Amino acid sequence: MISEFHDLLDKYHLWLKEKTTLRQVNDWVEITTPYLDRHNDYLQIYVKPDEGGYVLMDDGYILEDLETSGCKLDSPKRQELLHTVLNGYGIKIVNGTLQVRATNESFALRKHNLLQAMLSVNDMFYLAQPAVASLYCEDVANWLDYHEIRYTPRVKFTGKTSFDYMFDFAIPKSKTQPERLIKAITNPNRDSAQSAILSWHDTREVRPHASRFYAVLNDAARDIPSTVIEALRSYDVVVVPWSKRDDVWEELAA
């Protein structure tokens, strides 16, 4: 079983390398990654040497795209949530860009954190319909509060590869249930599923043996693709469509 997962990870790393391209843009190197945003466009980051290290940024794409799509980030609640997400990955906002500095030794980790932050912010603030009154993650938190489920929000764990992963909620072990980690996925698609699988697969090896991972998928605006559900379940992820959330509240509250 372990060797099978090692083979899968090797294939993932090979796919990541083969699908990543570089291009010189003035003083910057443009890195096109295989990760997709909500428009199904490949995420791009920009890197240049600076003061004995490197500066990595998104060139303002994530925040500008959300603003032009009608998702304003000017309310105190959204600003607080934005900075909570970014702080979890060590990312700063500099002149409208998501930015982080790296050394030779930390470059891989910082690049990973920047991409994870871009995906998280893109997903966290994506509103499927203008009439949605609150952010999806906040809806999940309100549902947990309603059922008096104890949790710790925005928990970061370091996986076996030493990369950090953020989970939206962590429910501690009880007498009858193991540790439970939850990720609220606003826009369930191939890329968000792949990101969730990677975070869970890398993290579960350093968490208690019986820990479980729940993906709460937003199906309010559209049906969840069956391929997304199948992919998540193949890695022992408990799939919870938002419309069926009350099927699992008792095991989360236990």
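Residues numbered from 1 in each chain as written. Predicted model: local features only at pLDDT ≥ 70, side-chain atom pairs only at ≥ 80, totals over all residues. Heavy atoms only, no water.

Asker: Explain the sheet that holds strand S8 (residues 164–171) here, please?
Answerer: Two modes of strand pairing occur in sheets, parallel and antiparallel, and in both the strands are linked by backbone hydrogen bonds. The strand order across the open sheet formed by 5 strands is S7-S8-S9-S10-S11, and the pairing between neighbours is mixed. Each end of this open sheet is capped by a strand with a single partner; those strands are strand S7 (152–158) and strand S11 (237–241). Looking at each pair of strands side by side, their axes are set apart by 40° on average, direction ignored. Bridge count between strand S10 (residues 212–217) and S11: 5 bridges; the pairing is parallel. (Pairing = 2+ DSSP bridges. Helix = DSSP H or I, 4+ residues; strand = E, 2+ residues; numbered from the N terminus. Axes fitted to C-alpha atoms, helices over the stretch in contact; angles between N-to-C directions.)

Asker: Is there a simple way to think about the pattern of salt bridges in this case?
Answerer: Opposite charge on two side chains permits them to pair, given that their charged atoms come into close proximity. Tallied over the full model, the rule gives 8 salt bridges. Close ionic contact of Glu30 with Arg23 constitutes a salt bridge, the shortest N to O distance being 3.1 Å. The salt bridge partner of Lys156 is Asp164, with a shortest N-O separation of 3.9 Å. For Lys156, a relative accessible area of 40% gives the class partly exposed. (Salt bridge = Lys/Arg side-chain N within 4 Å of Asp/Glu carboxyl O. Buried < 20%, exposed > 50% of the residue type's maximum accessible area, 1.4 Å probe, protein only.)

Asker: What exactly am I supposed to notice about helix H3 (residues 76–89) here?
Answerer: Along an α-helix, residues three or four positions apart point the same way, because every turn accommodates 3.6 residues. Taking 1.5 Å per residue as the helical rise, H3 with its 14 residues ought to reach 20 Å, and the 20 Å between its terminal C-alpha atoms agrees with that figure. Within H3, the full set of buried residues consists of Arg78, Leu81, Leu82, Val85, Leu86, Gly88 and Tyr89. Along the axis of H3, the buried residues cluster in a sector spanning 160°; they form a single face. Opposite its buried face, H3 presents the exposed residues Pro76, Glu80 and Asn87, each directed more than 90 degrees away. (Expected span 1.5 Å × (residues − 1). Arc of directions from axis to C-beta.)

Asker: Would you take a moment to explain the side chain of Asp37 for this structure?
Answerer: As for its placement among the helices and strands, Asp37 is situated in the loop between strand S2 (28–36) and strand S3 (42–50). Here the side chain of Asp37 touches His39 through a polar contact of 2.8 Å, landing on its backbone nitrogen. Beyond its immediate chain neighbours, meaning those up to four positions away, Asp37 contacts Leu43, Tyr61 and Asn122. (Polar contact = N/O pair within 3.5 Å; in protein donor to acceptor, adjacent residues only side chain to side chain. Contact = heavy atoms within 4.5 Å.)

Asker: What exactly am I supposed to notice about the packing of helix H6 (residues 190–204) against helix H7 (residues 226–234) here?
Answerer: For the pair H6 and H7, interaxial distance at closest approach is 9 Å and the crossing angle is 5°. Looking at the two axes, H6 sits roughly parallel to H7. On H7, the residues touching Arg190, Ala193, Ala196 and Ile197 of H6 are Val228, Ala231 and Leu232. Within the contact of H6 with H7, the residues separate by chemical class into 6 nonpolar, no polar and 1 charged. (Parallel < 35°, antiparallel > 145°, perpendicular 65-115°, else oblique. Nonpolar A, V, L, I, M, F, W, Y, C, P; charged D, E, K, R; others polar.)

Asker: Any chance you could explain the pairing of strand S9 (residues 180–185) here in plain terms?
Answerer: Each regular strand displays side chains that alternate between the two surfaces of the sheet. Burial within S9 is extensive, with 6 of its 6 residues counted as buried. On S9, burial covers both faces: Arg180, Ile182 and Ala184 on one face and Leu181, Lys183 and Ile185 on the other are all buried. Both S8 and S9 contribute to a ladder of 3 bridges, which runs antiparallel. The partner of Ile171 across the bridge, within S9, is Arg180. Pairing of S9 with S10, which is carried by 6 bridges, proceeds in the parallel orientation. If you follow Leu181 over to S10, its bridge partner there is Phe213.

Asker: For this particular structure, what's the right way to read the nonpolar core?
Answerer: Across soluble globular proteins, nonpolar side chains have a tendency to be buried as a group. Formed by 48 residues in total, the largest nonpolar core has its most connected members in Ile91, Leu98, Leu114, Met118, Val121 and Leu232. Ranked by residue count, the leading element in this core is helix H4 (residues 107–124), at 6 residues. In this structure, Trp143, Val216, Val240 and Leu252 belong to the second largest nonpolar core, which totals 18 residues. (Core = buried A, V, L, I, M, F, W, Y, C linked by side-chain atoms within 4.5 Å.)

Asker: Just to check I follow, could you spell out the environment of Leu232 for this structure?
Answerer: Looking at where Leu232 falls in the secondary structure, it is placed in helix H7. In this view, Leu232 contacts Ala193, Ala196, Ile197, Ala215, Leu217, Val237 and Val239; residues no more than four positions away in its chain are not counted.

Asker: Could you clarify how one ought to interpret the packing of aromatic side chains in this entry?
Answerer: Working definition: an aromatic ring pair is given by the centre-to-centre distance plus the angle between the planes. This structure, assessed with the given rule, holds 7 aromatic pairs. Taken together, a centroid distance of 5.6 Å and an interplanar angle of 80° make the contact between Tyr136 and Trp242 edge-to-face. One end of the pair, Tyr136, is in helix H5 (residues 136–146); the other, Trp242, is in the loop between S11 and helix H8 (249–253), with 106 residues separating them in the sequence. You'll find Tyr136 and Trp242 in the same group, each marked buried. Measuring from ring centre to ring centre gives 5.5 Å for Phe167 and Phe213, while their planes differ by 85°; the resulting arrangement is edge-to-face. Separated by 46 residues along the polypeptide, Phe167 in strand S8 and Phe213 in strand S10 bring together distant segments of the chain. Across the pair, exposure class does not vary: Phe167 and Phe213 are buried alike. An aromatic cluster is defined as three or more aromatic residues linked by ring pairs; in this entry it consists of Phe157, Phe167, Trp200 and Phe213. Note that Arg207 overlies the ring of Phe157, its terminal NZ or CZ placed 4.0 Å from the centroid. Taking NZ or CZ as reference, Arg245 lies 4.0 Å from the ring centre of Trp242, over its face. (Phe/Tyr/Trp six-rings, centres within 6.5 Å; stacked < 30°, edge-to-face > 60°. Lys NZ or Arg CZ within 6 Å of the ring centre and 35° of its normal.)

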